[in-house]
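# Residue-level structural notes
Chain by chain, the residues:
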Amino acid sequence: MNILQLCKKFPFPLKEGEAIAVNYLSRGLVEQGCEVDLLAMNTSKHPYTHAEWPQEFDHYREVQAVEVDNRLSIGGAINNLFSRTSYHVSRFDTPEFAAALSALLEKNQYDAILLETLYLAPYISLIRSKSKAVVVMRSHNVEFAIWERVITHTRSAFKRRYLYYLTQKLRRFEIEQLKNYDLLAPVSEHDLQVFKALGYTGYHLVAPIGLDLEAYVVKPLDKNEAIKLGFIGSLDWMPNQEGLQWFLQKVWPLLQGRFPNLVFDIAGRNAPEGFLREKIPGVNFLGEVPNAADFVATHLLSLAPLRSGSGLKVKVLEAMALGRVVLGTSIALEGIPAQDGRHVLLANTPEDFVRQISFLLEKPELAAGLGAAARDLIQSTFDYRDVARKMIASIARIGA
């Protein structure tokens, strides 16, 4: 098959969920005999500035990146108040990207075009006008659901009303687009059921974020080091910011009172300045670390205190693949068929977090068993080769 993969940001470096999901799926498709081209936006928020494409992209037949200015602006936000268009989506709808896509469609005949996230949906009409390819929406999240959850935790009444207005337009757009896909491929069964409840009745495939277990080497904890909690994730993503702030305000003081020597390390890209300046006893704000796997390997527990968000959380999957214990909320573990106490630890309230952390700190020898079960689950459910094979089979059935 000839496949074109469209991305709303350049999927590199491979340090956050969307980039990892894009890379492993494309690599899996190539290993199954497909030829894959990549057309990505090079956005002002996540620019890729090197002169050459990264070596990790050597499996692509062709790579193109289009400069897109998707910065939020007060003027754009105000103008959007008088438009039916979703402001979330409109920032990714540009003539420059449309022109590059049009040129590729005229040059190549594709069997399938993968739209990585809802934000590429505005280009479906262009695709239909120039190609008979199977249009696949690989939905990484139920996008409007992220913002609905954010709204429930927003204190400012004005900001809550404004976010509600934007979210309603995003919700309407996401539902309207369901009729335009040949194949809907959400990353979890949970998200698929949400889309079905919203009216989707077409072809579908659960296409989770696949990983290569060979790239995730399990390392034993250094017994001579103090026990530490860890968090790693993109710190410019609002659900991560919100979850961490909640944990530091509601949970950390309780843990400090009980375990005064406990250390909590926070790592991640694009941390807001305020985050890095905060001084909280026992908490280290490290910013971006050289190697995410090494960071995870030095911590007994990987925390995922998310209170909003949607889709699969790749940092949770990666920690499980590395044989570490993940302690997360129901939202953080959404879409992962893991059992509390067998593969992961579940907590939703401050009291839950304190109880689960206390349990593991008092019985650290149980961490190895939980971590091994977590890795086995990733191997059986989230292998990138299986995801690619199923994607190819689904496209073939539709295109036959």
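Every residue gets a number counted from 1 within its own chain, in the order that chain's sequence is written. Per-residue local features of the predicted model are confined to residues with pLDDT of at least 70, and side-chain atom pairs are confined, for both listing and counting, to 80 or more; whole-chain, interface and lining totals are unaffected and use all residues. No hydrogens and no water enter the side-chain calculation; it runs on all heavy atoms of the structure.

### Overview of the overall build of the protein
Here is the rule: Each helix is a run of H or I in the DSSP string that is no shorter than four residues. Each strand is a run of E no shorter than two, and both are numbered from the N terminus. Here the globule rule reads 2.2 Å times residues to the power 0.38, and the radius of gyration is calculated from C-alpha atoms. The rule is simple: take the accessible area with a 1.4 Å probe, protein chains only, and divide by the maximum for that residue type; under 20% is buried, over 50% is exposed, in between is partly exposed. In this analysis, two residues are considered to be in contact whenever any of their non-hydrogen atoms come within 4.5 Å of each other. His residues and chain termini do not enter the charge count, which takes Lys and Arg as positive and Asp and Glu as negative. For charged residues, the charge sits on one atom: NZ in Lys, CZ in Arg, CG in Asp, CD in Glu.
The helix and strand inventory of the protein stands at 15 helices and 12 strands. Taking 21 Å as the expected radius of gyration for a compact globule of 400 residues, we find that the protein reaches 21 Å, a close match to that expectation. Dimensions of the protein, computed from C-alpha atoms along their principal axes, come out at roughly 65 × 50 × 45 Å. Each of the 400 residues in the protein was classed as buried or not, and the buried ones make up 55%. A sequence separation of at least 24 residues applies to 72% of the contacts in the protein between residues at least 6 apart. One finds the centroid of the 44 positive side-chain charges in the protein at a distance of 6 Å from the centroid of its 44 negative side-chain charges.

### Section: the pairing of strand E11 (residues 325–328)
Applicable threshold: DSSP-based pairing: two strands are paired if at least 2 bridges between them are found. A crossover gets the label right-handed when its path from the first strand over the helix to the second runs clockwise, viewed with the strands pointing away from the viewer.
Judged by which residues are buried, E11 turns out to be covered on both faces: Val325 and Leu327 on one side and Val326 and Gly328 on the other are all buried. Judged from the 4 bridges that link them, strand E10 (residues 301–304) and E11 form a sheet pairing that is parallel. Paired with Leu301 across the two strands is Val325, which belongs to E11. After leaving E10, the chain enters helix H12 (residues 314–321) and then returns to the sheet as E11, a path that is right-handed. Examined bridge by bridge, E11 and strand E12 (residues 345–346) share 2 bridges and lie parallel to one another. Each residue of the ladder has a partner; that of Gly328, found in E12, is Leu346.

### Re the sheet that holds strand E6 (residues 183–184)
Our working definition: Each axis is a line fitted through C-alpha atoms, taken for helices only over the stretch in contact, and angles between the N-to-C directions span 0 to 180 degrees.
Spatial ordering of the open sheet is given by E3-E2-E1-E4-E5-E6, a layout of 6 strands whose pairing is parallel. Edge positions in the sheet fall to strand E3 (62–68) and E6, since each has one partner strand and no second. Here strand E2 (residues 35–43) pairs with E3 via 7 bridges, running parallel. Its bridge partner lying in E3, Leu38 is registered against Val63. Each of strand E1 (2–7), E2, E3 and strand E4 (112–116) touches helix H4 (residues 95–107); the most contacted strand, E3, lies at about 160° to it. Where helix H15 (residues 384–399) meets the sheet, it contacts E4, strand E5 (134–138) and E6, and its direction lies at approximately 145° from that of E5.

### Considering helix H1 (residues 17–31)
The condition is simple: By definition here, a helix of n residues has an expected span of 1.5 Å times n minus one.
With 15 residues, H1 should cover 21 Å at 1.5 Å per step; its first-to-last C-alpha distance of 21 Å lies within 8% of that length. Burial within H1 is extensive, with 12 of its 15 residues counted as buried. Among all positions of H1, only Gly17, Glu18, Ala19, Ile20, Ala21, Val22, Asn23, Tyr24, Leu25, Ser26, Gly28 and Leu29 are buried. Where H1 is buried, its residues meet E1, E2, E4, E5, H12 and H15. Just past H1, the residue Gly33 takes up positive phi, approximately 100°.

### Here's the deal with the pairing of E10
Look at any regular strand and the pattern is simple: side chains alternate between the two faces of the sheet. The two faces of E10 match: Leu301 and Leu303 on one face and Ser302 and Ala304 on the other face are all buried. As paired strands, strand E7 (residues 228–232) and E10 are joined by 2 bridges and run parallel to one another. Along E10, the bridge assignment pairs Leu229 with Leu301.

### As for the environment of Asp386
The test is simple: A 3.5 Å cut-off defines polar contacts: any pair of N or O atoms within that distance qualifies, except that in protein one atom must be a possible hydrogen donor and the other a possible acceptor, and neighbouring residues in sequence count only when both atoms are side-chain atoms.
Within the secondary structure, Asp386 is located in helix H15. On a C-alpha basis, the gap between Asp386 and Leu25 in space is 9.7 Å, while along the polypeptide they are 361 residues apart. Looking at Asp386, its side chain comes within polar contact range of the side chain of Arg389, at 2.4 Å.

### Description of the packing of H12 against helix H14 (residues 367–381)
Stated precisely, the cut-off is as follows: The residue classification treats Ala, Val, Leu, Ile, Met, Phe, Trp, Tyr, Cys and Pro as nonpolar and Asp, Glu, Lys and Arg as charged. All others, Gly included, are polar.
Close contact between H12 and H14 brings their axes to 7 Å; oriented N to C, the two are set at 115°. When H12 is examined against H14, the residues Leu317, Met320 and Ala321 are found in contact with a partner set consisting of Gly371, Ala374, Arg375, Leu377 and Ile378. Here the residues of the contact of H12 with H14 sort into 6 nonpolar, 1 polar and 1 charged.

### A closer look at empty space enclosed by the protein
This is how it is decided: Using a 1 Å grid laid over the protein atoms alone, points where a 1.4 Å probe fits but cannot get out form a cavity; open sets with protein on both sides within 12 Å along at least 5 of 7 lines form a pocket; any residue with an atom within 4 Å of a point counts as lining. Grid points are joined across faces, edges and corners, and a volume is the space filled by probe spheres set on the points.
Evaluation of the coordinates by the stated rule reveals 1 cavity of 30 Å³ or more. A volume near 40 Å³ is recorded for the largest cavity. Together, Leu118, Met137, Ser139, Asn141, Glu174, Tyr181 and Phe195 line the largest cavity. Counted by class, the lining of the largest cavity contains 4 nonpolar, 2 polar and 1 charged residues.

### Digging into the sheet that holds E10
The strand order across the open sheet formed by 6 strands is E9-E8-E7-E10-E11-E12, and the pairing between neighbours is parallel. Bordering the open sheet on either side are strand E9 (283–287) and E12, each of which pairs with just one other strand. Across the sheet, helix H9 (residues 238–258) is in contact with E7, strand E8 (263–267), E9 and E10; its angle to E8 comes to roughly 175°. Across the face of the sheet, H12 comes into contact with E7, E10 and E11 while running at roughly 150° to E11.

### Let's talk about unusual backbone geometry
Each neighbour pair has its own omega, and for Phe12 with Pro13 the value is 5°, a cis peptide bond. Along the chain, Pro13 falls in the loop between E1 and H1. Backbone geometry places Thr117, a non-glycine residue, at a positive phi of 95°. Mapped onto the secondary structure, Thr117 falls in the loop between E4 and helix H5 (124–130). Looking at Thr117, the relative accessible area reads 1%, which means it is buried. A positive phi is found at Asn270, a non-glycine position, where the angle reads about 55°.

Everything listed is a geometric property; what it means functionally is a separate question.
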